Amino acid sequence: MKKGKLLLIILIILLGVIFGCSVNKVEFDDKNIIFNVVKTESTDEYESYSIEISNKTGFDLTHLTFYLSYPIKTSNGSKGNPFAVEGKTNTNRPINLKSGETITFSIFAPIKEVFGESQLLKFEDPSIKLQGYYKDGKEEIPFGIVGGLSVFVN
């Protein structure tokens with residue numbers, strides 16, 4: 001009888017170790033936030049964009065803000081521009097995006113009115129910035145994505 005109880009205890013401990021330690025925790029990866037340019041319009045007066053963002057991260061995203069800017073041309077490439085245009089949605093603030101959902105940001109950049117006839121800006125490859133938080137349980141953890149729009153678009 002003692003052998004049977006000892007074997008049962010060892011089996012229970014072994015099962016606890018196997019199943020208790022095999023939890024595959026999903027980690028947040030911002031590469032699973034998908035950007036898609038739905039529509040662009042360009043004139044001498046303005047440029048406008050509709051950019052769709054899909055959340056494939058497995059986490060809910062909260063308090064999202066989206067910006068577009070035009071890099072400043074330099075003699076050896078370009079540098080960031082501190083002036084950015086904020087994207088708008090048809091939802092109220094805060095902008096939240098559950099896992100699996102998609103939202104469209106609209107951006108209107110009055111080029112001529114704001115920048116004039118400037119040849120110093122890189123209009124052909126704007127930069128984008130998406131920032132917010134992802135929810136891990138009850139905790140909200142900040143994240144940010146910055147770079148050229150052409151890098152993020154599928």
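No experiment lies behind these values; they were computed from the predicted model shown.

A. Examining the nonpolar core more closely. Grouped together as the largest cluster of nonpolar side chains are 27 residues, with contacts concentrated most on I33, F35, I53, F66, L130 and F143. Mapped by element, the contributors of at least two residues to this core are β1 (33–42), β2 (47–55), β3 (61–69), β7 (102–109), β8 (127–136) and β9 (139–148). In contact with F66, not counting residues within four places along its chain, are F35, I51, I53, V85, E86, G87, F105, I107, I128, K129 and L130.

B. Representation of the sheet that holds β7 within the structure. Taken together, three strands build an open sheet; the order of strands is β1-β2-β7 and the sheet is antiparallel. Since the sheet does not close on itself, it has two edges, and those belong to β1 and β7, each with one partner. For this sheet, the mean inter-axis angle between neighbouring strands, taken without regard to orientation, is 20 degrees. As defined by bridge partners, β1 adjoins β2 across nine bridges and the pair is classed as antiparallel. The residue bridging I33 from the neighbouring strand is N55, located in β2.

C. Structural detail: unusual backbone geometry. With an omega of -5 degrees, the peptide bond between R93 and P94 qualifies as cis. Although it is not a glycine, H63 sits at a positive phi angle of roughly 50 degrees. Here H63 shows up in strand β3.

Definitions and cut-offs
Residues numbered from 1 in each chain as written. Predicted model: local features only at pLDDT ≥ 70, side-chain atom pairs only at ≥ 80, totals over all residues. Heavy atoms only, no water. Core = buried A, V, L, I, M, F, W, Y, C linked by side-chain atoms within 4.5 Å. Buried < 20%, exposed > 50% of the residue type's maximum accessible area, 1.4 Å probe, protein only. Helix = DSSP H or I, 4+ residues; strand = E, 2+ residues; numbered from the N terminus. Contact = heavy atoms within 4.5 Å. Pairing = 2+ DSSP bridges. Axes fitted to C-alpha atoms, helices over the stretch in contact; angles between N-to-C directions.

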